[in-house]
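Per-entry structural report
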Amino acid sequence: MKALDLTDSFTEFKEFKSIDRETLMHILEEVFRAALIKRYGSDDNFDIIVNIDKGDLEIFRNRLIVEDGAVEDDRREIAYSEAIKIEDDFEVGEELSEPISMADFGRREILAIRQNLVGKIQDYEKSLIYQKYKEKVGEIVVGEVYQPWNREILVLDEEKIELVLPKGEQIPKDHYRKGDTIRAVVLKVEMVNNNPRVILSRTSPIFLERLVENEVPEIYDGLITIKNVVRVPGERAKIAVESYDDRIDPVGSCVGMKGSRIHGIVRELRNENIDVINYTSRVDIMIQRALNPAKISSIKIDEEEKKVEVYMAPDQVSLAIGKGGHNIKLASLLVGYEIEVFRDTDEDYEDVDLREFNDEIEQWIIDELYKIGCDTAKSVLALSREELINRTDLEEETIDEVVRILKAEFDEE
């Protein structure tokens with residue numbers, strides 16, 4: 001029979017849709033069976049033959065030939081007198097396979113079939129994208145920036161699938177223009193209004209972890225294990241690594257000769273300062289390594305509260321805290337303990353503990369100063385107004401009042 005009037009559509013699906021031949025045949029058959037059920041009430045006596053390569057589709061209606069006047073169900077049976085009009089050598093009891101042409105369907109039915117077919121194809125493609133990227137969660141993908149917006153960047157992969165990099169998942173120093181190549185990790189995949197939405201991230205610790213894995217063959221080979229990764233995107237990161245082979249230096253392997261392996265990662269992350277630390281199960285040693293380059297005088301560990309008090313010389317406190325408080329914050333995240341830094345005041349008896357100002361300064365303000373390593377009056381006064389504003393969550397007026405109270409203490413002396 002002449003191919004049905006959907007040949008052009010079949011050819012388009014065959015050439016441009018990422019659907020295998022068997023699946024496309026199944027979808028086409030499903031769509032036409034639905035149309036047959038709607039028209040004839042059943043499809044169990046119809047044969048559908050789809051030829052994707054030729055781009056045609058054939059439908060045959062099978063009915064049993066019965067004697068004239070014995071037809072009980074004209075959907076499944078045909079009178080002998082009607083059957084011999086089609087072919088004169090038919091006999092009662094034989095099965096007649098009659099081709100269904102497009103003329104048997106009305107214009108609205110044809111339109112409904114087309115719409116149903118397009119919908120099925122689109123739904124299947126969406127499910128393919130969802131499944132593909134669901135399996136890629138946690139993996140790095142490379143794409144091209146198609147459209148940068150204020151809240152997000154639209155990225156196209158090599159198959160022109162749309163991916164999204166939200167503003168919150170971009171490194172603060174990231175600036176992309178249309179056509180730029182971008183690398184990111186697949187953070188999650190979700191269905192929004194029946195459409196797959198693939199979310200990328202460049203701020204996730206997993207992105208840094210995958211970058212290191214790609215640069216260090218020893219990690220791929222299982223000789224080195226990444227134990228933990230923490231980061232403040234674009235500013236600083238800490239990576240704890242461990243080797244099960246004493247002959248392998250995990251830190252040296254990750255950094256590479258003259259920093260050759262780590263430099264590429266640093267550039268990718270917009271000059272993020274990356275500390276690679278040799279992991280140990282001993283908390284005290286791990287804290288010392290995590291707070292590097294600061295030198296620690298003594299440590300008090302509270303296992304129940306998961307808190308650590310670290311004491312060090314006054315000139316080491318700022319090193320332990322780091323720019324913007326990033327060093328101590330990341331060290332706490334890396335070891336899983338809340339770290340508080342205190343100045344070793346044995347050398348300075350004229351200083352005053354902040355807790356002695358409870359009657360003038362509220363406790364929550366003192367706690368905030370403790371978090372940045374300021375446990376005495378002079379340790380606070382040693383910092384500039386700008387440093388105190390940047391390192392704490394305190395208002396400018398609050399900081400000015402605290403400084404006034406502390407200065408007054410020494411002015412009285």
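Residues numbered from 1 in each chain as written. Predicted model: local features only at pLDDT ≥ 70, side-chain atom pairs only at ≥ 80, totals over all residues. Heavy atoms only, no water.

**Brief notes about the overall build of the protein chain**
Heads up, the rule is: Helix and strand labels come from DSSP, where a helix needs a run of H or I of at least four residues and a strand needs a run of E of at least two; each type is numbered from the N terminus. Radius of gyration here is computed from C-alpha atoms only, and the compact-globule reference equals 2.2 Å multiplied by the residue count raised to the power 0.38. For the exposure calls, accessible area comes from a 1.4 Å probe over protein chains only, and a residue counts as buried if that area is under 20% of its type's maximum, exposed if over 50%, partly exposed in between. Note on areas: Shrake-Rupley with a 1.4 Å probe; residue coverage comes only from the protein chains shown. His is not counted here, nor are the chain ends, while Lys and Arg score as positive and Asp and Glu score as negative. Lysine's charge is taken at NZ, arginine's at CZ, aspartate's at CG and glutamate's at CD.
When helices and strands are tallied, the protein chain shows 15 helices and 15 strands. For the protein chain, the C-alpha radius of gyration of 36 Å lies well beyond 22 Å, the compact-globule estimate for 413 residues. The dimensions of the protein chain, computed from C-alpha atoms along their principal axes, are 125 × 55 × 45 Å. Of all 413 residues assigned to the protein chain, the portion counted as buried reaches 44%. Element-wise, carbon and sulfur atoms account for 45% of the exposed surface of the protein chain, whose accessible area totals about 23400 Å². Of the charged side chains in the protein chain, 57 are positive and 92 negative; the average position of the first set lies 4 Å away from that of the second.

**Quick notes on the nonpolar core**
Operational definition: Note on terminology: a nonpolar core comprises buried Ala, Val, Leu, Ile, Met, Phe, Trp, Tyr and Cys residues joined through side-chain atoms within 4.5 Å. The contact rule is simple, with two residues in contact once any of their heavy atoms fall within 4.5 Å.
Grouped together as the largest cluster of nonpolar side chains are 47 residues, with contacts concentrated most on Ile-339 and Leu-369. Looking at which element gives the most residues to this core, the answer is helix H15 (residues 396-412), with six residues. For Leu-369, the residues in contact, after removing those within four places along its chain, are Leu-354, Cys-374, Val-380, Leu-388, Thr-392, Leu-394 and Val-402. Residues Ile-224, Cys-254, Ile-262 and Val-266 belong to the second largest nonpolar core, which totals 22 residues.

**Looking at the environment of Ala-79**
Here Ala-79 lies in strand S3 (residues 77-79). Since its relative accessible area comes to 13%, Ala-79 is described here as buried. Those residues within four positions of Ala-79 in sequence are excluded, and the remaining contacts are Val-66, Asp-68 and Val-71.

**Description of helix H10 (residues 314-321)**
Quick note on the threshold: An arc is given here, and it is the one of the directions from the helix axis to the C-beta atoms.
Taken together, the buried positions of H10 are occupied by Gln-316, Val-317, Ala-320 and Ile-321. Summarising the axial view, the buried residues of H10 lie within an arc of 135 degrees, below the 170-degree limit, and thus occupy one face. In this structure, the buried residues of H10 make contact with strand S14 (307-312), helix H11 (326-335), strand S15 (338-343) and helix H14 (385-391). Backbone geometry just after H10 places Gly-322 at a positive phi near 80 degrees.

**A few points about the pattern of salt bridges**
Just so we agree on the cut-off: Whenever a carboxyl oxygen of Asp or Glu lies within 4 Å of a side-chain nitrogen of Lys or Arg, that contact is scored as a salt bridge.
Enumeration over the complete set of coordinates arrives at 32 salt bridges. With a shortest N-O distance of 2.9 Å, Arg-39 and Glu-109 are connected by a salt bridge. Highlighted residues: Arg-39 in helix H2 (residues 21-40) and Glu-109 in helix H4 (residues 107-134), separated in sequence by 70 residues. Residue classification places Glu-109 among the partly exposed residues on the basis of a relative accessible area of 26%.

**So, the packing of aromatic side chains**
What counts is decided by this rule: Within 6.5 Å between ring centres, the rings of Phe, Tyr and Trp (the latter by its six-membered ring) count as paired, and their orientation is classed by plane angle as stacked under 30 degrees, edge-to-face over 60, tilted in between. By the criterion adopted, a ring carries a charge over it if an Arg CZ or a Lys NZ lies within 6 Å of its centre and within 35 degrees of its normal.
Under the criterion given, the structure shown has three aromatic pairs. Plain terms: the ring middles of Tyr-311 and Phe-342 are 5.2 Å apart, the flat faces sit at 25 degrees to each other, and that makes the pair stacked. With a gap of 31 residues between them, Tyr-311 in strand S14 and Phe-342 in strand S15 connect regions that are remote in the sequence. As far as the burial class goes, Tyr-311 and Phe-342 line up, both buried. Taking the centre distance of 5.3 Å and the plane angle of 70 degrees together, the rings of Phe-342 and Tyr-370 count as edge-to-face. Linking Phe-342 in strand S15 with Tyr-370 in helix H12 (residues 363-371), this pair joins segments that are 28 residues apart in sequence. We classify Phe-342 as buried; its relative accessible area is 6%. Three or more aromatic residues link up through ring pairs in this structure, and these residues are Tyr-311, Phe-342 and Tyr-370. The cationic tip of Lys-178 hangs over the ring face of Tyr-146; the distance from NZ or CZ to the ring centre is 4.9 Å. We note Lys-227 situated over the ring of Tyr-279; from NZ or CZ to the ring centre the distance is 5.1 Å.

**Side note on H12**
Restricting attention to buried positions, one finds in H12 the residues Ile-365, Ile-366, Glu-368, Leu-369 and Tyr-370. Positioned one or two residues after H12, Gly-373 has a phi angle of 90 degrees, which is positive.

**Some thoughts on the sheet that holds S15**
Whether parallel or antiparallel, the strands of a sheet pair through hydrogen bonds between backbone atoms. This is how the line gets drawn: Two strands form a pair only when DSSP identifies at least two bridges running between them. In this analysis, axes come from line fits to C-alpha atoms, helices being fitted only over the stretch in contact, and the angle between any two N-to-C directions falls in the range 0 to 180 degrees.
Strand order in the open sheet formed by three strands is S13-S14-S15, with mixed pairing between adjacent strands. The sheet terminates laterally at strand S13 (298-302) and S15, the two strands that pair on one side only. Taken pair by pair, the neighbouring strands of this sheet meet at an average axis angle of 20 degrees, ignoring direction. In the sheet, S14 pairs with S15 via six bridges, with the strands oriented parallel. Of the residues in S15, the one forming a bridge with Val-310 is Val-341.

**Considering the sheet that holds strand S10 (residues 224-232)**
Pairing is mixed in the open sheet, where three strands are placed in the order S10-S11-S12. In this open sheet, the two edge strands, each paired with only one partner strand, are S10 and strand S12 (273-278). Strand-to-strand twist across the sheet, computed as the mean angle between neighbouring axes with direction ignored, equals 20 degrees. For strand S11 (residues 236-243) and S12, the ladder comprises six bridges, and the chain directions are parallel.

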